[in-house]
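Given next are the chains, with one letter for each unit.
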Amino acid sequence: MFDRIEQTATVLSDARIVTPEGIVEGALAIEDGKIAGLAQAHDGESLHGAYLIPGIADIHTDHVERHTHPRVGVIWEFLPALLAYDAVVISGGTTTVFDSLSVGASMQKQERRELLKPLVAAISDAVERKLFRAEHLLHLRCEISDPATPALVDSTIDLPITRLVSVMDHTPGDRQSPDVDKWFWHMIRDMEVDEVEGRRMMAELFDRSAAHGASVRAHCVEAASRACVPLMSHDDATAAHVNQAKSEGCAISEFPTTRVAAERARDAGLTVVAGAPNYLRGGSQSGNVAVAELLSHGLVDVLASDYIPRSPLDAAFKIAADPALPYDLLAALEMVTLAPARLAGLKDRGQIIEGARADLVAVRVEGGQPLVQAVWRDGKRVF
């Protein structure tokens, strides 16, 4: 593949290297944090036949708040929580993660409004101090039912680590949760409130969504356009939802809830992002379209972890082994490496090619289960 390899290069040998041209058995050299090429020498670090794949880029993970908000009413100290979260991310082979933070609140976790700025400050500080093993960027998940959202967007949209914006409405009866009654009982159990208080809170949410949803969405769309940040429409359920997103300049339909919406998104030229957990568990927890169905019709471009941090890795290997789906290992891995990186405008990673950033993962497979053996970011071993 390449000719010149310096003696100072780090060599990873005895690997099954997943390249755009196919799987190559041999050794790979790393120089100055970049991929230098295939190596002839076999005296480097042996990977003992493991797959060597590009680092995963995860554009949507809700898991930050699982660490900073571990229980109802509990806020954990941000830096230790973020370091624990980073360890979970890197151990699943994710070298670039978009911390997907709620901007505003629908009904649950209304403390998000007050905590967004200090949480973003803590992430930015840890990035600046190089405390993370993965690269952390921001995905602002803008809740359009909340009139507090515009000011929060304005306070975070111009940060260097802000790279994605999505507009979402978690008001039940549309999009993700069409069954209002099912949503209500799940929500009050999760929030640990009684039915009377839950009914009051839900009525308030409906009022806020009706009064502010359109204007808040318009503000978020304009802010993303002004900042030149890619914009995603979340939980599209109908062709009309996709048409609206297209007219607003959205480039991505994230987690479409029906095949109709995914087909319209594809026809409109939008990138389709689906949740890896949906595929792994055999369907949607909310009763929406199964990702396996979308995959079988070629309607998925990117897989994201959503609520299970290592699910992109597990999903890629399982998809490649699924005889019902038309994906080999390279194609399946590209949905969690190259495609999400390009979606976010990151052109320096996602493939094992000369000059690419050496974000790499060694994976061995035992009984069909992929196991992360080692991870490198910028050519340095971090796991």
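Caption draft 1: Molecular detail of the overall build of the chain. Scanning the chain for helices and strands turns up 13 helices and 16 strands. For the chain, the C-alpha radius of gyration of 21 Å lies close to 21 Å, the compact-globule estimate for 383 residues. The C-alpha extent of the chain, read off along each of the three principal axes, is 70 × 45 × 40 Å. Carbon together with sulfur atoms contributes 51% to the accessible area of the chain, which is approximately 15,800 Å² in total. For the chain, the centre of its 37 positive side-chain charges and the centre of its 54 negative side-chain charges are spaced 1 Å apart.

Caption draft 2: Fine view of the nonpolar core. Ranked by size, the top nonpolar core spans 90 residues in total, and within it Ile 59, Leu 295, Leu 303 and Ile 319 carry the most contacts. The element best represented in this core is helix α3 (residues 112–128), accounting for seven residues. If near-sequence neighbours (up to four positions away) are discounted, Leu 303 is found in contact with Ala 274, Gly 275, Ala 276, Val 291, Ala 315, Ile 319, Met 335 and Val 336. Ranked by size, the runner-up nonpolar core spans 17 residues in total, among them Leu 28, Ile 35, Ala 358 and Leu 360.

Caption draft 3: Looking closely at the packing of helix α7 (residues 239–248) against helix α8 (residues 259–267). Where α7 meets α8, the closest approach of the two axes is 8 Å, and the angle between their N-to-C directions is 35°. Of the two possible hands of crossing, α7 and α8 adopt the one that is right-handed. Contacts from Ala 239, Val 242 and Asn 243 in α7 reach Val 260, Ala 261, Arg 264 and Ala 265 in α8. Split by residue class, the contact of α7 with α8 holds five nonpolar, one polar and one charged.

Caption draft 4: Region of the structure containing the sheet that holds strand β7 (residues 94–103). Read from one edge to the other, the open sheet built from eight strands follows the order β6-β7-β8-β9-β10-β11-β12-β13, with strand pairing classed as parallel. Pairing within the sheet leaves two strands with one partner each, and these edge strands are β6 (56–61) and β13 (302–304). On average, each strand axis in the sheet is tilted by 25° relative to the strand beside it, whichever way the strands run. Bridge count for strand β10 (residues 231–234) against strand β11 (residues 252–254) is three bridges, and the pairing is parallel.

Caption draft 5: Region of the structure containing the side chain of Arg 141. The topology assignment puts Arg 141 in strand β8 (residues 135–143). By relative accessible area, Arg 141 is classed as buried at 8%.

Caption draft 6: Looking closely at the environment of Leu 116. Tracing the sequence through the fold places Leu 116 in helix α3. In the structure, Leu 116 is positioned twelve residues away from Gly 104 in sequence and 8.4 Å away in space, judged by C-alpha atoms. With near-sequence residues (within four places) excluded, Leu 116 lies in contact with Leu 101, Ser 102, Val 103, Leu 152 and Thr 156.

Caption draft 7: Representation of helix α6 (residues 195–227). Compared with the 48 Å implied by 1.5 Å per residue over 33 residues, the 42 Å span of α6 between its first and last C-alpha is markedly short. Of all the bends in α6, the greatest measures close to 55° and is centred on His 212.

Caption draft 8: Highlighting the packing of α3 against helix α4 (residues 149–156). The geometry of α3 relative to α4 is characterised by a closest axis approach of 11 Å and an angle of 5° between their N-to-C directions. Classified by the angle their axes make, α3 and α4 are roughly parallel. Here α3 contributes Arg 113, Leu 116, Lys 117 and Val 120 to the contact with α4, which in turn contributes Leu 152, Ser 155 and Thr 156. Of the residues contributing to the contact of α3 with α4, the split by class is three nonpolar, two polar and two charged.

Reading the values: rules and limits
- Residues numbered from 1 in each chain as written.
- Predicted model: local features only at pLDDT ≥ 70, side-chain atom pairs only at ≥ 80, totals over all residues.
- Heavy atoms only, no water.
- Helix = DSSP H or I, 4+ residues; strand = E, 2+ residues; numbered from the N terminus.
- Rg over C-alpha atoms; globule rule 2.2 N^0.38 Å.
- Areas by Shrake-Rupley, 256 points an atom, 1.4 Å probe, with all protein chains shown as cover.
- Lys, Arg positive; Asp, Glu negative; His and termini not counted.
- Charge placed at Lys NZ, Arg CZ, Asp CG, Glu CD.
- Core = buried A, V, L, I, M, F, W, Y, C linked by side-chain atoms within 4.5 Å.
- Buried < 20%, exposed > 50% of the residue type's maximum accessible area, 1.4 Å probe, protein only.
- Contact = heavy atoms within 4.5 Å.
- Axes fitted to C-alpha atoms, helices over the stretch in contact; angles between N-to-C directions.
- Left-handed = near helix turned anticlockwise from the far one by under 90°.
- Nonpolar A, V, L, I, M, F, W, Y, C, P; charged D, E, K, R; others polar.
- Pairing = 2+ DSSP bridges.
- Expected span 1.5 Å × (residues − 1).
- Bend = angle between axes of the 7 residues up to and from the residue.
- Parallel < 35°, antiparallel > 145°, perpendicular 65-115°, else oblique.

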